[in-house]
Every structure is written in C-alpha cells, then in structure tokens.
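Below are the chains, spelled out letter by letter.
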Amino acid sequence: MDACEGRSTAITATACNRLATSVVGNASNDRLIRFLLAIATTLLVTIGADIQVDAISSHGGVIVHEKSATFPTFFVRDVVVSNTDRHLQNTDTFRNSEPGIAINPLHPNQIVISAFSGAWALADGSPSNSPLWYSKSGGAVWTKVFSIPAPNNVPGVAASPCDQTFDYDRDGNLYGTFLVAPGSPGDCSKLRSTVEEDELGAAIYSGATADPADPAAWEWFLGEGGTAQPSTPPTSPDQPWLIAAPDAGDLASDKIYVAYQAGECEGVDRSIDLRVAAAAATVPPNFPLDEHVGCSNPGPNPGHRAAADPRTGAVYTLYGNPISPCATPELLGGIELEYRLNRSTDGGRTWTFGNQPLGTVVAQACSDQSRDYSFGVPEPGNPAGGVNLLKGGIHALAVDPQDGAVYVVYGVFDDDAERDQLKIVRVTSDGGNVEIGSPVLVSNPADRQAALPAVAVTENGTVGVLYDTADGLVDDSDVPTFSAHLAVSRDQGKTFSDAVILHFRSPVPSDAEARILGDYQQLKAVGNTFYGVFSGNGHDLPVPFNRRTEAIDPIFFKTTVR
C-alpha cells in the first residue's frame, strides 16, 4: 500500500510523497515512517482547519469564500444547520421568523438569537421550556437550548412566546421580554399563525438570566403567591422591544427599557398608545416605571423601536404615525406616515424631543405598509409573488456611540422608480433644537422593493443597515426571491457601500398569509463588528453550510469594518 494512500486530503500529495520518499527502501524504519506520517498528517490537518471556509462574501451576485470576515465579506451560519444537534435540520419545522440577536459585551463569542422557534407547550399541550439559539464560539456552532421556563403561575401561555427581543447588560446578564397571547399550543411558532396579531388578552413579561443555557438560572419578578408579574399593564400590548442602556442618573449602572404599544391614547378614539417601561438592571428586573411617549393614529402597526446613547444614557424611541392615504395611484394601499422620534434623558421618567411631548417628526413619506400589502411582488399592482404582508413598522433607529447622533431608517415609496425603498436621515440635537439631515437612499438597486430594515453604529462611527430586497420570481413560477443586504457608510450616512449577504428563494409560492419573514430582524454592533440575524432560506447557503431541505431559518452573520 502506498504510504500516502488513504491519508487526509489536508496533506498534499507533494508533501506526502516527499516524506515517503525520504524513508522508502529502509524496512527497519517502518515504525518511523508511520510515526512521521502521523505527525505530518496531524499538523497539516490542523493547518487545514485554520484555513477552513468560514466566511461568505457576495461580489456582483457571485458567492466566494474567504478566510477573513471583513466587510464586504461575511461570516454566515444557519443556526439550525451549524448546530450541535446534527439531525436538527431534518426535524426542525418551526416558523423561525422575526429573529432577534444579543451579544455579550464581556464575551462577544457568546451570542443569543431568538425567533418563532418553539413555545411553552408541545403540540399535545404538555408544558415545555421555550428555546433560544445559543453560541459560545462566536457564531460558528449553535445549540438550541430550551432554557426559558414559562412565567410562574401565569395561565394561557401555551401558544407563546410570541414577539420577543433580548439584550445583555454590561455585566453579562441576559434580559428578555415576551408577548404572551392566547391560542393553541405553539401557535406563534407555526408558519401560518396569526395569533400574535389578535392581541386579545395579551400581556408582556420580562425576565433575566446569568446563564442562557441553564433553565434554573432564569428568573421572573414574582409577586405574592410566587406569580410572575407582568412588565406592563394588561392593555392588549404588542411588539415589545427591549434594550439595556446606561442609567442617565448613574452612568456606572444600567437600566432595562421595554418599548411597546398598547390600548388607546387617552381621549383619542381608535388610536394606539406608545409606551416605555423602565427598570433597574437587576436579575430579575422589576418595572416600576411605565410612561406614555407617543400616540399613533389608526392604520398600520406603528412599530415602536428603541435605542440608547451609550455616552449619556439618553433613550430614544421611534414610531410610525399614519396621517392620510397616499394619492399616488400605483400604491397598493399606501399610507403617508410621520416617523416620530422621542427621547428621555432621565431614565424614562419624562419624554420630549424638540420640545414635542409626542416626539419630533424626523421624516414623512408615503409607504406601502397597509395590512393588504405583500412583500415580494415583482412589480406594482402585480399580486403574484407576495409571501409576507407588511403590516407596518418599516423603520429602525440607532445611536452613534461617538457623538450621539441618531440614525433613522424608514420606508418611502419612490414615484419615479415605482418601488418602496429605504432612506436614512441623521438627527442631532442641541438643547431643544433638532437638526435633521437630508434623506439619503440606502436600498440598492433602486428598482426593487426594500423592507425590514435594522441599523447599528460601530465604535468607530460606521453606520450599517441590514435590509431585504424582493428580487423577482423564479423563472416562470410564482416563487419569489429575496436578498439580505448590509449597506455600510463611513461618512455619517452620506454615502453607502452595499453587499448582498445571501440571495434566497421563498420556500413557498405566492401566499401573502404565509408571512415567512415576519415584522422585523435585528442588527447590533460590538466594537467595530456588526452582528446580525435575518430570516432566510437555509437551503440557499453554500455547501457545506446549507440546509438539505428548503426552510426559513434564522441566518446569523457578522463582519468587521476597518
């Protein structure tokens, strides 16, 4: 048998042959041959492991592999496939949409992703912990850990959790907020579920843990009788959005904020009340503050989002306020929206921005965000291809950690391109004066629908915007295709470089009610690295990182900007 036959492909033929030739012909050295070959193979396999494909970059639509995940290259993983359970991709059938992400600032290799990936009950109604996707390897390998017990003694949790978001505080504790809604077991994690939109009897609960993998470490704030206490009043809330931020009154400690929407504004019929609950960053958190920060007219979901200035502890919230139907005939039920930005500088007690108690309008635009408009159609007026109703909330915000400027990304219909696009404005303030920069187009190319934005700013002031475009149909079918993008600006949002993270097909044909992507996805920054997650078809990732079957999964990525 040839000395090189059957050896690992990591050892090159040349290296192996040289090694074998150097000792061939001396039978007394047989042990030495085997020993040296074993050492060489081990060394070369180790080197091979160091240069394994670990990043995916898209240049002009062509996917290439590179070692370094520096923009425009991306380290990408499907959390269902790159998993400690190698069989999970064959068995996981959850909805897996509306993903969120949290990165431990003390140990950035520890990352949590949430999505509609399980519930506090199994299909037969028996109780279960709900899951998180957890990585301790910087996102290379994931584990689906069922580590969140249901809120103590709270009835009607079988269908939940529904909307959920997470964040870490500076001490490495993980906080999560959850929308609890009625329904059949696991409804919010099922593909065609609409229970999260029903809002009947819903409530918000928030908890925390020092160890995301340990169910015993999770804690809810308990009242008399050991019952978990809701974080907000029981007023049919929706879309809780949790952030951890420095306490403006004590920058050496953190506070936890939950922005949400619930009920009607006082004296305004059919309106939507925008509120923020605040708590000290303790495990578990208790929320003594709950304040009114805005009011939205009837119409699409206002999508209440929050971000904070890490220098001062100032907290900002952003929401959409519909003011009238749009006149543009090409719009599919378009709405003219005000995008309102509000702020608290005293730990969530009082709110005003630009001397406006309901927030200052930082952008105004027509946008297709009605409950009848579906993401994925190839052209205006053509219903084929829609697989995701956009019910509002097509906006996002982030704060620059260098200078406190706020970046607001929002949906806008362009009359010339006849497409819904995304634009960004940079907002600064000096006392009561608010300065709003000129809007800049973010989404690319301009002739494609764009939606589901998320924005973050790195330590060096680089602005990143995660978003999706609808790219047309597969051949002559009614199966839509999408691309997840990251647009990056190094000049305070004046110009952007755009890169496609993944181009993917819908796993289902045109069916707006499927809502395969949901309402949001998330992007965050730690240091000069962007960490993000979006809902995508894991089957369309390159081998060997792809899922064998077509399914929507949380797709993790990261990239560093130099």
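Cut-offs and rules
Residues numbered from 1 in each chain as written. Predicted model: local features only at pLDDT ≥ 70, side-chain atom pairs only at ≥ 80, totals over all residues. Heavy atoms only, no water. Pairing = 2+ DSSP bridges. Helix = DSSP H or I, 4+ residues; strand = E, 2+ residues; numbered from the N terminus. Axes fitted to C-alpha atoms, helices over the stretch in contact; angles between N-to-C directions. Disulfide = S-S within 2.5 Å. Buried < 20%, exposed > 50% of the residue type's maximum accessible area, 1.4 Å probe, protein only. Phe/Tyr/Trp six-rings, centres within 6.5 Å; stacked < 30°, edge-to-face > 60°. Lys NZ or Arg CZ within 6 Å of the ring centre and 35° of its normal. pLDDT = per-residue confidence, 0-100. Contact = heavy atoms within 4.5 Å. Salt bridge = Lys/Arg side-chain N within 4 Å of Asp/Glu carboxyl O. Lys, Arg positive; Asp, Glu negative; His and termini not counted. Polar contact = N/O pair within 3.5 Å; in protein donor to acceptor, adjacent residues only side chain to side chain. Core = buried A, V, L, I, M, F, W, Y, C linked by side-chain atoms within 4.5 Å.

### Here's the deal with the sheet that holds strand β6 (residues 130–135)
The strands that make up a sheet pair up through hydrogen bonds in the backbone, lying either parallel or antiparallel. The antiparallel open sheet is built from four strands, whose spatial order is β4-β5-β6-β7. Two strands bound the open sheet, and with one partner strand each, they are β4 (100–103) and β7 (143–148). On average, adjacent strands in this sheet sit at an angle of 35 degrees to one another, irrespective of strand direction.

### A few points about the state of the cysteines
Using the criterion set out here, one finds three disulfides in the structure. Two residues, Cys162 and Cys188, share a disulfide whose sulfurs are 1.8 Å apart. Taking the sign of the S-S torsion, 65 degrees for the link of Cys162 and Cys188, the bridge is right-handed. Here Cys162 is found in the loop between β7 and β8 (164–168), whereas its partner Cys188 is found in the loop between β9 (174–180) and α4 (195–198), with 26 residues between them in sequence. Under the relative-accessibility criterion, Cys162 is labelled buried at 0%. The disulfide partner of Cys265 is Cys295, and the S-S distance across this bridge is 2.2 Å. Taking the sign of the S-S torsion, 120 degrees for the link of Cys265 and Cys295, the bridge is right-handed. Of this pair, Cys265 sits in the loop between β13 (250–262) and β14 (272–280) while Cys295 sits in strand β15 (residues 289–296); the two residues are 30 residues apart in sequence, bridging distant segments of the chain. Each member of the pair, Cys265 as well as Cys295, is classed as buried.

### Let's talk about the packing of aromatic side chains
By the definition in use, this model includes 17 aromatic pairs. Centre to centre, the rings of Phe74 and Phe557 are 5.9 Å apart; their planes meet at 80 degrees, and the pair counts as edge-to-face. Within this pair, whereas Phe74 is found in strand β3 (residues 73–78), its partner Phe557 is found in strand β33 (residues 552–560), the two being separated by 483 residues in sequence. The burial state of Phe74 is the same as that of Phe557; both residues are buried. An aromatic cluster is built from Phe71, Phe74, Phe375, Phe482, Phe504, Phe534 and Phe557, whose rings are joined through pairwise contacts. The lysine or arginine in question, Arg77, covers the ring of Phe75, its NZ or CZ lying 4.4 Å from the ring centre. It is Lys558 that lies over the ring of Phe75; its NZ or CZ is 4.9 Å from the centre.

### Observations regarding the confidence of the model for the protein chain
Summarising the model, the protein chain shows a mean pLDDT of 86, and 84% of its residues fall at 70 or more. Scored below 50 in pLDDT, residues 58–64 makes 13 contacts in the model with residues more than four places away or belonging to other chains. For residues 193–200, every residue scores under 50 in pLDDT, and the model assigns this stretch 24 contacts once sequence neighbours within four places are set aside.

### A few points about the pattern of salt bridges
If charged atoms from side chains of opposite charge come close, those side chains can pair. Evaluated as defined, the whole model comprises 13 salt bridges. Between Arg275 and Asp273 there is a salt bridge, with its nearest N and O atoms 2.9 Å apart. The pair formed by Arg275 and Asp273 is uniform in burial state, with each residue classed as buried. With a closest N to O distance of 2.4 Å, Arg515 and Asp519 form a salt bridge. As far as burial versus exposure is concerned, Arg515 and Asp519 are alike and both buried.

### Remarks on the side chain of Asp78
Along the chain, Asp78 turns up in strand β3. Of the side chains with opposite charge, Arg547 comes closest to the buried, unpaired Asp78, at an N-O distance of 5.4 Å. Of note is the side chain of Asp78, whose polar atom sits 2.8 Å from the backbone nitrogen of Val80. Once residues lying within four places of it in the same chain are set aside, the contact partners of Asp78 are Gly538, Leu541, Phe545, Arg547, Asp553, Pro554 and Ile555.

### A look at the sheet that holds β9
Spatial ordering of the open sheet is given by β8-β9-β10-β11, a layout of four strands whose pairing is antiparallel. Single-partner strands in this sheet number two, and they are β8 and β11 (219–220). With seven bridges joining them, β9 and strand β10 (residues 203–209) adopt antiparallel strand pairing. Along β10, the bridge assignment pairs Tyr175 with Ala208.

### Structural notes on the nonpolar core
One finds Ile424, Leu486, Phe534 and Phe557 to be the most contacted residues of the largest nonpolar core, which totals 50 residues. The element that contributes the greatest number of residues to this core is strand β27 (residues 449–457), accounting for seven residues. With 20 residues, the next largest nonpolar core counts Ala307, Leu337, Val412 and Val425 among its residues.

### Things to note about the environment of Arg275
With respect to the helices, strands and loops of the structure, Arg275 is situated in strand β14. Look at Arg275 and you get buried, because its relative accessible area is 18%. If we skip the residues at most four places from it in the chain, Arg275 touches Val258, Ala259, Tyr260, Asp290, Glu291, His292, Val293 and His304. Of note is the side chain of Arg275, whose polar atom sits 2.6 Å from the side chain of Asp290.

### A word on the pairing of β4
Each regular strand displays side chains that alternate between the two surfaces of the sheet. Neither face of β4 is left uncovered, since the one carrying Gly100 and Ala102 and the one carrying Ile101 and Ile103 both have all their residues buried. Strand direction decides the pairing type here: β4 and strand β5 (residues 111–114), joined by four bridges, are antiparallel. By the bridge assignment for β5, Ile101 is matched with Ile113.

### Looking at the side chain of Ser374
Mapped onto the elements of the fold, Ser374 is located in strand β20 (residues 374–375). Take Ser374: its relative accessible area is 8%, and that puts it in the buried class. Within the local environment of Ser374, its side chain forms a polar contact with the backbone nitrogen of Val387, the two atoms lying 3.3 Å apart. Among the polar contacts made by the side chain of Ser374, one reaches the main-chain amide nitrogen of Asn388 at a distance of 3.4 Å. With residues up to four places along the chain from it excluded, the contact list for Ser374 reads Gly386, Val387, Asn388, Leu389, Gln449 and Ala512.

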